[in-house]
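Here's the letter readout for the chains.
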Amino acid sequence: TFILKNDGSVWACGSNDSGQLGLGDIIVCKSFTQVTTNVNNDVKQVACGGSHTYILKNDGTVWSCGNNKDGQLGLGTSDTNAHSTFTQVTTNISNIKQIACGCNYTVILKNDGSLWVCGDNSKGQLGLNDTTDRTTFTQVTTNVKQVACGYYHTFILKNDGSVWCCGGNADDQLGLNSTSSYISTFTQVTTNINKDVRQ
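Quick notes on the rules
Residues numbered from 1 in each chain as written. Predicted model: local features only at pLDDT ≥ 70, side-chain atom pairs only at ≥ 80, totals over all residues. Heavy atoms only, no water. Helix = DSSP H or I, 4+ residues; strand = E, 2+ residues; numbered from the N terminus. Rg over C-alpha atoms; globule rule 2.2 N^0.38 Å. Buried < 20%, exposed > 50% of the residue type's maximum accessible area, 1.4 Å probe, protein only. Contact = heavy atoms within 4.5 Å. Areas by Shrake-Rupley, 256 points an atom, 1.4 Å probe, with all protein chains shown as cover. Lys, Arg positive; Asp, Glu negative; His and termini not counted. Charge placed at Lys NZ, Arg CZ, Asp CG, Glu CD. Salt bridge = Lys/Arg side-chain N within 4 Å of Asp/Glu carboxyl O. Pairing = 2+ DSSP bridges. Axes fitted to C-alpha atoms, helices over the stretch in contact; angles between N-to-C directions.

Participant: Lay out the overall build of the protein chain with the relevant residues and their values.
Facilitator: A count of helices and strands for the protein chain gives zero helices and 15 strands. Taking 199 residues into account, the globule formula puts the C-alpha radius of gyration at 16 Å, and the protein chain, at 17 Å, falls close to it. With respect to the principal axes defined by its C-alpha atoms, the protein chain has extents near 45 × 30 × 30 Å. Taken across its 199 residues, the protein chain has 50% of its residues classed as buried. Relative to all contacts within the protein chain whose residues are 6 or more apart in sequence, the contacts with residues 24 or more apart total 45%. When the accessible surface of the protein chain is split by element, carbon and sulfur atoms take 43% of a total near 9200 Å². Looking at the protein chain, you have 13 positive and 15 negative side-chain charges, and the mean spots of the two groups are 6 Å apart.

What follows is the structure, encoded as structure tokens:
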């Protein structure tokens, strides 16, 4: 768990086996502890995945830590090491509006409405029409207003109020009335949704 205080400081507690708390170790933390390495009361947003974490700083830079076995940290590599301190992500990062994390993947929404993805893609949750993992952020679509990630599925709200989704669908979580176990491209949800969605 992470909390972001009004002064821009970041505090974390809980499981830390992949270094996802950014405290420089892999020790379980039982009470909220301030994250200080590469974090200096300058954080605007925090996003948590299954065992990885992203922060967006006030200066627009993006930093990640934790599990990177599927390239979800956006650092251009994948490995099983614990990344226990926040490291700046630099490839394809600029003008960030929102960061969202799924189980082992990450999605960023830029201010220009473009959507960029990296990490695990085994269920097509990156929306790139394949199931190949990405280790650096790759653009997938445009005209996006908001993004939300589930365990292995992704939803986007477009500027026109329409809702689109992709990824795992074994429990019908995509709302598409489809029998497919996963869908690897963003597909519009139309039943009971008429470009009238706020969030």
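Don't stop here, the text continues.
Participant: Describe the pattern of salt bridges, listing the residues and the values that go with them.
Facilitator: A side chain of one charge can pair with a side chain of the opposite charge when the charged atoms of the two come close. Here the structure, examined in full by the defined rule, presents four salt bridges. Between Lys57 and Asp42 there is a salt bridge, with the nearest N and O atoms lying 3.5 Å from each other. With Lys57 in strand β5 (residues 52-57) and Asp42 in the loop between β3 (29-34) and β4 (43-48), this residue pair connects regions lying 15 residues apart in the sequence. Summarising the burial analysis for this pair, Lys57 and Asp42 share the class buried.

Participant: Account for the sheet that holds strand β8 (residues 96-101), with residues named and values stated.
Facilitator: Working definition: the strands of a sheet are paired by backbone hydrogen bonds and lie parallel or antiparallel to each other. Spatial ordering of the open sheet is given by β8-β9-β10-β11, a layout of four strands whose pairing is antiparallel. Only two strands of the sheet have a single neighbouring strand rather than two, namely β8 and β11 (134-141). Adjacent strand axes in the sheet meet at a mean angle of 20 degrees, parallel and antiparallel pairs treated alike. In the sheet, strand β10 (residues 115-119) pairs with β11 via four bridges, with the strands oriented antiparallel. The partner of Val117 across the bridge, within β11, is Thr138.

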